[in-house]
Amino acid sequence: MTTAAQLDLLKTLVDPGKVLTDSAALETHGKDWTKQFAPAPSAVVFPKTVEQVQAIVRWANQHKVALVPSGGRTGLSAAAVAANGEVVVSFDYMNQILAFNEYDRSVVCQPGVVTATLQQFAEDKGLYYPVDFASAGSSQIGGNIGTNAGGIKVIRYGMTRNWVAGLKVVTGSGELLELNRDLIKNATGYDLRQLFIGAEGTLGFVVEATMRLERAPKNLTAMVLATPDFDSIMPVLHAFQGKLDLTAFEFFSDKCLDKILARGDVPAPFETRTPYYALLEFEALNEDVAGAALATFEHCVEQGWVIDGVMSQSEQQLRNLWKLREYISETISHWIPYKNDISVTVSQVPAFLRDIDAIVASDYPDFDVLWYGHIGDGNLHLNILKPESLAKEEFFARCAQVNLRVFETVQRYNGSISAEHGVGMTKRDYLGYSRSEAEIACMKAIKAVFDPNGIMNPGKIFAV
Ligand code: 2HG
Ligand code: ZN
């Protein structure tokens, strides 16, 4: 907790009116999209410059006040939740694109630049920022870096990590570090930039990031395919990957489709209903590519892996097909789902999913279970919906209990208990299922180097 005198000092470090303590601000900025923890920060501060961020961090060290970084607050692991009187550092006012270099194909961003703003900026330059997900309209680059955000194009373009050319960070001791200086080749020892990517603000704050851009894809075309069972999805992936460079390969279950169609604003892809659907996307660069896609589709039908399918013929159809997948998370948020974001290597997906599905069927017989995700990356989102009749606390407690079996299975497959949503507070007690004791000890030692007083987002990734 902070005292009034400490907050008065904090106010002198930033622009007038940029420290808020009213309950609406504390409630809004004290949480992300997770609904498990009640927000309880003691203040929200809005720096406008790197120097102000440094001053805030030095103040926090002096007064032993914990800081929580806050971007678009779309996270799903409670990494940006301030539940214990911390001061939230919001990057909402550090939201400018500072420079563009067409030869380096790079953009210098402040951390508060919204993902969609960077995507649009790239498009306006005839280029492409390929990290994409449903929350691109409000998530911020700083948060994307903090969580190494993934999303729907990872199969082709990789995670956020791949697109960070350089970083300026303010460490937990208030020092400004310039990491990698935007170089492509740089063999001068440890790449500290990589440590800050996915660190969830536990080592320091990103105050500037140079992001790389890519050639814009041409004539993106999507197919949605109905499959008779889960086991058919991976041979379909394999067949299409053998013929096309896929930009996405997603899947969702019929229960997800039910929820999406019930919204009333998304057209059904076709009449047929099957237990699972795959959504794939590719650049239809010429007739040959489109022909190869259709031939592969026919092959899959002949094999019995696909029952029905549709291919987008226009931008509008492409967008509508994507809605079937991209709207799921937001649509089901109404049921306060218990979320899992797990991954294994692609080759292990079928066996892994069978094992997890058996646990789910035996332990959640009375709950609605929804499967979807980035199956082309081995990343599955398992969402358990809360029955109306069950209190939130009781529901989460029951799910957490069952979940130990899910995590044991993840461990057995050498998988990850958090593929792309991060650890935050929701997964921190389970980190040992994916990281060894020795690894966790190294991680803690690294934190101590950059954040000796433990003021940077404490309690996230591991308990304090
Ligand atoms: C997605 O892939 C997001 O839609 C959210 O990562 C997943 O809500 C989820 O579980
Ligand atoms: Zn996802």
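Positions within a chain are numbered from 1, following the residues in the order the chain's sequence is written. Working convention: letters from A go to chains and numbers from 1 go to ligands, in the order in which they are written. In keeping with the predicted nature of the model, local features appear solely for residues at pLDDT of at least 70, side-chain atom pairs appear and are counted solely at 80 or more, and the whole-chain, interface and lining totals rest on all residues. Note that the side-chain values use all heavy atoms of the structure and ignore hydrogens as well as water.

1. Section: the coordination of the zinc ion (ligand 2)
So, step 1. Coordination partners: N, O, S within 2.8 Å of the metal, 3.2 Å for Na, K and Ca; water not considered, so apparent gaps in a site are possible. Of the protein atoms, only H374 (NE2), H381 (NE2) and E420 (OE) coordinate the zinc ion (ligand 2), at distances of 1.9 to 2.1 Å.
So, step 2. All donors of the zinc ion (ligand 2) come from a single chain, and their spacing in sequence reads H-x6-H-x38-E. Of this pair, H381 sits in strand 18 (residues 379–385) while E420 sits in the loop between helix 14 (392–412) and helix 15 (437–450); the two residues are 39 residues apart in sequence, bridging distant segments of the chain.
So, step 3. Judged by its relative accessible area of 11%, E420 falls in the buried class. Put simply, DSSP marks the helices as runs of H or I at least four residues long and the strands as runs of E at least two long, and each gets a number from the N terminus on. To sort residues, take the accessible area from a 1.4 Å probe on protein chains only and compare it with the maximum for the residue type: under 20% means buried, over 50% means exposed, and anything in between is partly exposed.

2. A closer look at the site of ligand 1
So, step 1. By nearness alone, every residue bordering ligand 1 is listed as L76, R325, S329, K339, Y372, H374, H381, N383, E420 and H421.
So, step 2. N or O atoms closer than or at 3.5 Å make up a polar contact, with two conditions inside protein: a donor-capable atom paired with an acceptor-capable one, and, for residues adjacent in sequence, both atoms drawn from side chains. Between ligand 1 and K339 there is a distance of 2.5 Å, counted from an oxygen atom to a side-chain nitrogen or oxygen.
So, step 3. With respect to ligand 1, the side chain of N383 contributes an N or O atom lying 3.0 Å from an oxygen atom.
So, step 4. Contact with the protein chains hides 89% of the accessible area of ligand 1, taken as 290 Å² for the molecule alone. We call a residue near a molecule or strand whenever a single non-hydrogen atom of that residue lies within 4 Å of it. For accessible areas, the Shrake-Rupley method is used with a probe of radius 1.4 Å. Any residue's cover is judged against the shown protein chains and nothing else.

3. Thoughts on the nonpolar core
So, step 1. Side-chain atoms within 4.5 Å are what join buried Ala, Val, Leu, Ile, Met, Phe, Trp, Tyr and Cys residues into a set we call a nonpolar core. Counting 53 residues, the largest nonpolar core has M223, F240, F249, F282, W371, I375 and I384 as its most contacted members.
So, step 2. At seven residues, helix 14 tops the list of elements feeding residues into this core.
So, step 3. Look past the residues within four positions of F240 in its chain and what remains in contact with it is M223, L225, L246, L280, A293, T296, F297 and C300. Contact criterion: two residues are considered in contact whenever any of their non-hydrogen atoms come within 4.5 Å of each other.

4. Quick look at the sheet that holds strand 1 (residues 19–20)
So, step 1. What the four strands build is an open sheet, ordered 1-2-4-3; its pairing is mixed. Each edge of the open sheet is held by one strand with a lone partner, namely strand 1 and strand 3 (67–70).
So, step 2. Here, any two strands with at least 2 DSSP bridges between them count as paired. In this sheet, strand 4 (residues 87–90) lies alongside strand 3 in parallel orientation, the contact comprising four bridges. Note that in strand 4 the partner of V68 across the bridge is V88.
So, step 3. Axis lines are fitted through C-alpha atoms, for helices just across the contact stretch, and the angle between N-to-C directions can take any value from 0 to 180 degrees. Sheet contacts for helix 3 (residues 50–63): strand 2 (43–45), strand 3 and strand 4; angle to strand 3, the most-contacted strand, approximately 155°.

5. As for the sheet that holds strand 17 (residues 368–374)
So, step 1. The strand order across the open sheet formed by seven strands is 15-12-14-13-17-18-16, and the pairing between neighbours is antiparallel. Single-partner strands in this sheet number two, and they are strand 15 (308–311) and strand 16 (338–343). Each strand axis lies, on average, 15° off the axis of its neighbour in the sheet, ignoring direction.
So, step 2. Where strand 13 (residues 246–253) lies against strand 17, two bridges are found, and the strand directions are antiparallel. Following the sheet pairing, F252 is matched in strand 17 by Y372.
So, step 3. Each of strand 12 (220–227), strand 13 and strand 14 (276–283) is contacted by helix 8 (residues 233–243), which is oriented at about 165° to strand 13, the strand it contacts most.
So, step 4. Here helix 9 (residues 254–263) sits on the sheet in contact with strand 13, strand 14, strand 17 and strand 18, set at roughly 95° to strand 17.

6. Comments concerning helix 14
In an α-helix, one turn spans 3.6 residues, which is why side chains three or four residues apart end up on the same side.
So, step 1. By definition here, a helix of n residues has an expected span of 1.5 Å times n minus one. With 21 residues, helix 14 extends 30 Å between its outermost C-alpha atoms, agreeing within 8% with the 30 Å of an ideal straight helix rising 1.5 Å per residue.
So, step 2. Along helix 14, the largest kink reaches about 30° and is centred on V402.
So, step 3. The secondary structure elements touched by the buried residues of helix 14 are strand 16, helix 13 (349–363) and strand 18.
So, step 4. Count one or two residues on from helix 14 and you reach N414, which has phi positive near 55°. The bend reported for a residue corresponds to the angle between axes fitted to the seven residues ending at that residue and the seven starting there.

7. Observations regarding the packing of helix 8 against helix 10 (residues 287–303)
So, step 1. At a closest axis distance of 10 Å, the pairing of helix 8 and helix 10 adopts a crossing angle of 155°. In this view, helix 8 runs roughly antiparallel relative to helix 10, as classed from their interaxial angle. The hand of the helix 8/helix 10 crossing is right-handed. Contacts between helix 8 and helix 10 involve V236, A239, F240 and K243 on the former and, on the latter, A293, T296, F297, H299 and C300.
So, step 2. Split by residue class, the contact of helix 8 with helix 10 holds six nonpolar, two polar and one charged. For classification purposes, an angle smaller than 35 degrees is called roughly parallel, one larger than 145 roughly antiparallel, one from 65 to 115 roughly perpendicular, and anything else oblique. Left-handed describes a crossing whose near helix is turned anticlockwise from the far helix by less than a right angle; the clockwise case is right-handed. Each residue gets one of three labels, nonpolar for Ala, Val, Leu, Ile, Met, Phe, Trp, Tyr, Cys and Pro, charged for Asp, Glu, Lys and Arg, and polar for the others, Gly among them.

8. What to know about the pairing of strand 16
A regular strand carries its side chains on alternate faces of the sheet.
So, step 1. Of all six residues in strand 16, six are buried, a share of seventy percent or more.
So, step 2. Of the two faces of strand 16, the one lined by Y338, N340 and I342 and the one lined by K339, D341 and S343 are each fully buried.
So, step 3. Here strand 16 runs beside strand 18; their pairing, made up of six bridges, is antiparallel. Paired with I342 across the bridge in strand 18 is L380.

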